[in-house]
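The primary structure of each chain is shown beneath.
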Amino acid sequence: QVQLVESGGGLVQAGGSLRLSCAASGSIFSINAMGWYRQAPGKQRESIAAITSASITNYADSVKGRFTISRDIAKNTVYLHMSSLKPEDTAVYYCNANVRARWYDRGIDYWGQGTQVTVSA
């Protein structure tokens with residue numbers, strides 16, 4: 001089994017910054033892509049940033065230029081640095097990792113428990 005533990009959420013004023021972290025632990029041979037999703041009240045969960053094992057990144061248009069995803073492969077950790085935050089960024093943020101437990105395994109998706117980010121106007 002694999003566990004993803006997120007940290008770094010909280011309350012921030014519009015225009016401020018936060019950094020989220022997500023550490024994976026457990027039966028890990030390697031991690032393929034990692035990413036961040038968010039879900040606002042009454043809305044579907046959406047992908048906002050992803051990073052491959054080769055550190056190729058991809059962002060949703062809504063966060064491009066404001067959020068930066070990075071990863072520390074040795075620590076099995078992914079980060080999301082969020083700046084110029086807006087009230088519409090308020091949501092529960094979830095990390096995701098596609099993990100291989102053995103070299104011959106296909107990757108399996110795991111999710112963190114979510115961390116609340118609230119941006120006040």
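Look up a bit, the structure's there.
The residue numbers shown here count from 1 along each chain, following its written sequence. With pLDDT at 70 or above as the cut-off, local features in this predicted model cover only qualifying residues; side-chain atom pairs require 80 or more to be listed or tallied, and sums for whole chains, interfaces and linings still use all residues. Hydrogens and waters are ignored; side-chain quantities use all the structure's heavy atoms.

Caption draft 1: Local environment of the overall build of the chain. The helix and strand inventory of the chain stands at zero helices and 11 strands. Each helix corresponds to a stretch of at least 4 residues labelled H or I by DSSP, and each strand to a stretch of at least 2 residues labelled E; elements are numbered beginning at the N terminus. The linear arrangement of helices and strands in the chain, starting from the amino end, is β-β-β-β-β-β-β-β-β-β-β. Radius of gyration: C-alpha atoms only; globule rule: 2.2 Å multiplied by the number of residues to the exponent 0.38. On C-alpha atoms alone, the chain measures out to a radius of gyration of 14 Å, which is about the 14 Å that the 2.2 N^0.38 rule sets for 121 residues. Expressed as lengths along the three principal axes of its C-alpha atoms, the size of the chain is roughly 50 × 25 × 25 Å. When burial is assessed residue by residue, the chain has 40% of its 121 residues classed as buried. Whether two residues are in contact is decided by their heavy atoms, any of which lying within 4.5 Å being enough. Put simply, 56% of the contacts in the chain that link residues at least 6 apart link residues at least 24 apart. Averaging the positions of the 12 positive and the 8 negative side-chain charges in the chain gives two centres separated by 3 Å. To sort residues, take the accessible area from a 1.4 Å probe on protein chains only and compare it with the maximum for the residue type: under 20% means buried, over 50% means exposed, and anything in between is partly exposed. Only four residue types enter the charge count: Lys and Arg as positive, Asp and Glu as negative, with His and the chain ends excluded. In plain terms, the charge of a residue is placed at NZ if it is Lys, CZ if Arg, CG if Asp and CD if Glu.

Caption draft 2: Highlighting the environment of V117. Take V117: it is sitting in strand 11 (residues 115–120). Residues V117 and L18 lie 99 residues apart in sequence; the distance between their C-alpha atoms is 8.7 Å.

Caption draft 3: Spatial organisation of the pairing of strand 1 (residues 2–7). Residue alternation in strand 1 divides its side chains into a buried set, V2, L4 and E6, and an unburied set, Q3, V5 and S7. Pairing of strand 1 with strand 3 (residues 18–26) involves six bridges; the strand directions are antiparallel. Counterpart to Q3 in the pairing with strand 3 is S25. Strand pairing is assigned whenever DSSP identifies at least 2 bridges connecting the two strands.

Caption draft 4: Spatial organisation of the nonpolar core. To qualify as a nonpolar core, a set must consist of buried Ala, Val, Leu, Ile, Met, Phe, Trp, Tyr and Cys residues joined through side-chain atoms within 4.5 Å. If you look at the biggest cluster of nonpolar residues, it comprises 31 residues, and the most contacted ones within it are W36, L80, M82 and Y93. Elements that contribute at least two residues to this core include exactly strand 1, strand 3, strand 4 (30–39), strand 5 (46–51), strand 7 (67–72), strand 8 (77–82), strand 9 (91–100) and strand 11. Broken down by element, the residue count for this core peaks at five residues, all from strand 9. What L80 contacts, discounting residues up to four positions off in sequence, is L18, R19, L20, W36, I48, A49, F67, T68, I69 and Y93.

Caption draft 5: Structural detail: the pairing of strand 8. Within strand 8, five of the six residues are buried, which leaves it mostly tucked inside the rest of the structure. Strand direction decides the pairing type here: strand 3 and strand 8, joined by six bridges, are antiparallel. Residue pairing across strands places L20 opposite L80, the latter belonging to strand 8. The hairpin formed by strand 7 and strand 8 contains four residues between the paired strands, and N76 there has a positive phi angle of roughly 50°.

Caption draft 6: Expanded view of the environment of A54. Relative to the helices and strands, A54 is located in the loop between strand 5 and strand 6 (57–59). The class of A54 is exposed, set by a relative accessible area of 55%. Distance from A54 to N32, taken between C-alpha atoms, is 8.8 Å for residues 22 residues apart in sequence.

Caption draft 7: Spotlight on the state of the cysteines. Cysteine sulfurs are considered disulfide-paired once they come within 2.5 Å of each other. Going through the model one piece at a time under the given rule, you end up with one disulfide. Across a sulfur-sulfur distance of 1.9 Å, C22 and C95 are joined as a disulfide pair. With the S-S dihedral at roughly 40°, the linkage between C22 and C95 falls on the right-handed side. In this pair, C22 is assigned in strand 3 and C95 in strand 9, connecting sequence segments 73 residues apart. Owing to a relative accessible area of 0%, C22 belongs among the buried residues under this scheme. Judged by relative accessible area, which is 0%, C95 ranks as buried.

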